[in-house]
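Descriptive structure summary
One-letter residues, chain by chain:
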Amino acid sequence: MKNLWVLLFALPFTAFSQVAFDSSSLPIVVIHTNGQAIPDEPKAMMRMQVIDNGPGKINHLSDPPNHYDGFIGIERRGSSSQDLSDKKPYSIETRNADGSDRAVALLGMPKEADWVFIAPYSDKSLIRDALTFELARRIMPWASRYRFVELMVDTSYQGIYLVAEKIKRDKNRVNISKLELDDLAGDSLTGGYIFKLDKFTGALVDGWESPYPAIAGSPQKPFYQYHFPKPEDIANGQKNYIKTWMNAFEKVMQSPQFADPNNGYSKYLDVESFVDFTLINEIAKNVDGYRLSTFFHKDRDSKDSHLHAGPVWDFNIAYGNANYCTCERYEGWGIDFNDHCGNDYWVIHFWWNKMWDDPAYRLRISQRWKQLRTSTFTDAKVMGLVDSLVGIVQPAQQRNFDRWPILFDWTWPNAFCCGTYDNHVDYLREWLVNRMHWMDNTMQTLYIGEYDTRRYFSAQVFPNPSNGKVNIRYYARYGDPITLRVFDMAGRLVGTEETIPEFNGEGTFVWEHPLPNGVYFYEILFKGQLNTRGQIINVR
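What comes next is a walk through the structure.

Criteria and thresholds
- Residues numbered from 1 in each chain as written.
- Predicted model: local features only at pLDDT ≥ 70, side-chain atom pairs only at ≥ 80, totals over all residues.
- Heavy atoms only, no water.
- Helix = DSSP H or I, 4+ residues; strand = E, 2+ residues; numbered from the N terminus.
- Buried < 20%, exposed > 50% of the residue type's maximum accessible area, 1.4 Å probe, protein only.
- Areas by Shrake-Rupley, 256 points an atom, 1.4 Å probe, with all protein chains shown as cover.
- Lys, Arg positive; Asp, Glu negative; His and termini not counted.
- Charge placed at Lys NZ, Arg CZ, Asp CG, Glu CD.
- Core = buried A, V, L, I, M, F, W, Y, C linked by side-chain atoms within 4.5 Å.
- Contact = heavy atoms within 4.5 Å.
- Pairing = 2+ DSSP bridges.
- Axes fitted to C-alpha atoms, helices over the stretch in contact; angles between N-to-C directions.
- Salt bridge = Lys/Arg side-chain N within 4 Å of Asp/Glu carboxyl O.
- Disulfide = S-S within 2.5 Å.
- Parallel < 35°, antiparallel > 145°, perpendicular 65-115°, else oblique.
- Left-handed = near helix turned anticlockwise from the far one by under 90°.
- Nonpolar A, V, L, I, M, F, W, Y, C, P; charged D, E, K, R; others polar.
- Patch = residues over 30% accessible without salt bridge, like charges linked within 9 Å, V, L, I, M, F, W, Y side chains within 5 Å.
- Expected span 1.5 Å × (residues − 1).
- Phe/Tyr/Trp six-rings, centres within 6.5 Å; stacked < 30°, edge-to-face > 60°.
- Lys NZ or Arg CZ within 6 Å of the ring centre and 35° of its normal.

1. Side note on the overall build of the chain
Looking only at helices and strands, the chain features 10 helices and 23 strands. Projected onto its principal axes, the C-alpha coordinates of the chain cover approximately 95 × 55 × 45 Å. Burial analysis of the chain (540 residues in total) assigns 54% to the buried set. For the chain, the accessible surface area stands at approximately 23,400 Å², while carbon and sulfur atoms represent 50% of it. Positive and negative charge centroids in the chain, built from 58 and 66 side chains respectively, lie 3 Å apart.

Dropping the structure here:
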């Protein structure tokens, strides 16, 4: 089958394309339909072959299917990605001949039977979902593993796909307790659960409606959907438990005490997971963030009684790839979506914004971001990750866009149009760097605290006597410059130090000096006005 020419008749909005495909540096997946159409649902029984000769090896269509050769159940998946994209995403189960699930370590990922074939289409960089999984995996307990492949359906070349783990409960994925049908009392009833906020399309949908409107005064009430156990596998008692638990949390979020450190949201939420989930959505300025494809999970109380945010999912129209609700701009917080698109059918539920309004939560967001920017999320590391992913798909991207010739066409909801593949990647790089730098600057004012005149004190210098290092403790307003000036016995200026407070309230800065032993005079100025003065004795 080498040098096979596959004639492809594109779906509406694409031109007739002819693609030469016989080998790839990516694994090759071939789906044999036996003349059946791939349905929206339920899954149809078909056959799948996977050719994967290993890292650094070239895979040929003429090679034997050395990685997988067996039955699958397959259906189209997704909502917008299916309706608005000619390149269809799929949900696949690896199966035995009798139709039962067959757990396999597909493409080197931990054994499972359920897999998602993500079809990058409007994302013309091809890497936004993979980039998000990689970023999330570096700071969260789990994000879907994946492999890029090239897909054939019968003799029809379909382009580059991302084969990813489906969000599921097991020890290798969302590692929470398994909830059996007869777990209806005591600790076993309390977990584990996975549920989500999402659109109603796709598999069987069931769940419960929040008793509270998403936005004050709005008739819309968000609908939480069961994900694990599946709607067909969850008992009524379990439905009642998780609904009652969430109602209790939301009632607290409606109260004036929602931010109380003992009885507010931190009693219910694993706040650290919500901070990291927020930062992943914000670095991408995910237009669907917090309101769609938004997952939560809760384990048994005996293991962990708190609700966790995540895993993350569906970022193909993030990172400046959506031209609506200001999400094409690298400035602005994604969590402010309701301020720009409050009439959208899918808005952000009220408690996300209430939590964001809590200064303590914003402080944790700011502190975590600053920590990540000096370690995991430096410009060099994030751009290195982008370059690595581009390097994986680069040898195959031309075939993909020969099959789907859209690089120079506007595709919903592109903010950037149009150009070569490299132009689309450069746009992503530039947008992402600008976004991170905007977050760096804005984090300075994300938490500024409150200035309480009752807690004010004059600036203090310690230790005194000192040994070449002096601390200056102060109570000041955000942004007001503070200056330390030091003079010798003759009145000559021998040292200065300045700081600008990053938030209202108490703070400390340090002056290190090489001055010889002796007595010195200091004065401390707030906004150029004298605050306090005194003596420093230096003893080394």
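We are not done yet, so read on.
2. So, the nonpolar core
Grouped together as the largest cluster of nonpolar side chains are 107 residues, with contacts concentrated most on F148, F274, Y319, W351, W352 and L432. Here the element with the most residues in this core is helix α10 (residues 421-446); it accounts for 11 residues. In contact with L432, not counting residues within four places along its chain, are L131, I283, Y319, V382, M383 and V386.

3. Details of the sheet that holds strand β17 (residues 460-462)
Judged by pairing direction, the sheet is antiparallel, and its three strands sit side by side in the order β17-β18-β21 without closing on themselves. Lying at the two open borders of the sheet, with one neighbouring strand each, are β17 and β21 (505-512). For this sheet the average axis-to-axis angle between neighbouring strands, irrespective of direction, equals 25 degrees. Sheet topology places β17 next to strand β18 (residues 469-476); three bridges connect them, and they run antiparallel.

4. Overview of the pattern of salt bridges
Under the criterion given, the structure shown has 32 salt bridges. A salt bridge links R95 to E93, with the nearest nitrogen and oxygen atoms 3.1 Å apart. Since its relative accessible area comes to 12%, E93 is described here as buried. With a closest N to O distance of 2.9 Å, D488 and R492 form a salt bridge. The buried category is assigned to D488, whose relative accessible area is 11%.

5. A word on the pairing of strand β15 (residues 294-298)
Among the five residues that make up β15, five are buried, leaving the element largely enclosed by the rest of the structure. Residues T294, F296 and K298 point to one face of β15 and F295 and H297 to the other, with burial holding for every one of them. Of the strand pairs in this sheet, strand β12 (residues 193-197) and β15 are connected by five bridges, and their pairing is antiparallel. Note on β15: the bridge partner recorded for I194 is H297.

6. Brief notes about the state of the cysteines
In the structure shown here, the tally under the stated rule is two disulfides. Paired by a disulfide, C325 and C341 hold their sulfur atoms 1.8 Å apart. Since a negative S-S torsion denotes a left-handed disulfide, the C325-C341 link at about -105 degrees is left-handed. Placement of the pair is C325 in the loop between β16 (307-309) and α6 (337-341) and C341 in helix α6, with a sequence separation of 16 residues. For the residue pair C325 and C341, the accessibility class agrees, reading buried in each case. Listing the disulfide partners of the chain by sequence rank of the bonded cysteines yields 1-2, 3-4.

7. Thoughts on the environment of W369
Structurally, the position occupied by W369 is in helix α8 (residues 359-373). Note on W369: relative accessible area 1%, which makes it buried. Placed 171 residues apart in sequence, W369 and R540 show a C-alpha to C-alpha distance of 39 Å. Dropping the residues within four chain positions of it, W369 is found in contact with L279, I283, F377, M436, M439, D440 and M443.

8. Points about the packing of helix α2 (residues 128-137) against helix α9 (residues 379-403)
Between α2 and α9, the shortest axis-to-axis distance is 10 Å and the interhelical angle comes to 135 degrees. Comparing their axes, α9 and α2 come out oblique. Seen along the crossing, α2 lies across α9 with a hand that is right-handed. Contacts between α2 and α9 involve A130, L131, E134 and L135 on the former and, on the latter, V382, L385, V386 and L389. Residues of the contact of α2 with α9, tallied by class, amount to seven nonpolar, no polar and one charged.

9. Focus on the environment of M45
Structurally, M45 can be placed in strand β5 (residues 44-51). Owing to a relative accessible area of 28%, M45 belongs among the partly exposed residues under this scheme. The sequence separation of M45 and H32 amounts to 13 residues, and the corresponding C-alpha distance is 9.9 Å. Here M45 is in contact with Q36, F71, I72, R95, N96, A97 and G99, once residues within four sequence places are set aside.

10. Some points on a nonpolar patch on the surface
Where nonpolar side chains cluster on the molecular surface, the patch consists of M489, V519, F521, I537 and V539 and spans about 400 Å² of accessible area. Relative to the elements of secondary structure, V539 occurs in the segment after β23 (529-538). Judged by relative accessible area, V539 falls into the partly exposed class, the value being 45%.

11. A few points about the sheet that holds β16
The strand order β13-β14-β12-β15-β16 describes an open sheet built from five strands, whose pairing is antiparallel. Each edge of the open sheet carries a strand with a single partner, namely β13 (207-209) and β16. Taking the axes of each pair of neighbouring strands and ignoring which way they run, one obtains an average angle of 25 degrees across the sheet. Most of the contacts of helix α5 (residues 271-283) go to β16, to which it runs at about 15 degrees, and overall it touches β15 and β16.

12. Details of α5
Between its first and last C-alpha, α5 extends 18 Å over 13 residues, near the 18 Å set by a 1.5 Å rise per residue. Where burial is concerned, most of α5 is hidden: 12 out of the 13 residues are buried. Three or more residues of α5 are buried, namely V271, S273, F274, V275, D276, F277, T278, L279, I280, N281, E282 and I283. K285 sits one or two positions beyond α5 and adopts a positive phi of about 40 degrees.

13. Some thoughts on the packing of aromatic side chains
In the structure shown here, the tally under the stated rule is 38 aromatic pairs. Note on F133 and W313: the rings are 5.7 Å apart at their centroids and 40 degrees apart in plane angle, and the pair reads as tilted. Placement of the pair is F133 in helix α2 and W313 in the loop between β16 and α6, with a sequence separation of 180 residues. We note that F133, like W313, is buried. A ring pair is formed by Y345 and W346, whose centres lie 4.8 Å apart and whose planes are at 80 degrees; its orientation type is edge-to-face. Given the relative accessible area of 53%, Y345 is considered exposed. The positively charged end of K87 is found above the aromatic ring belonging to Y161, 5.2 Å away from the centroid. Over the aromatic face of W404 sits the side chain of R403, whose NZ or CZ is 3.9 Å from the ring centroid.

Honestly, it's all geometry; don't read function into it.
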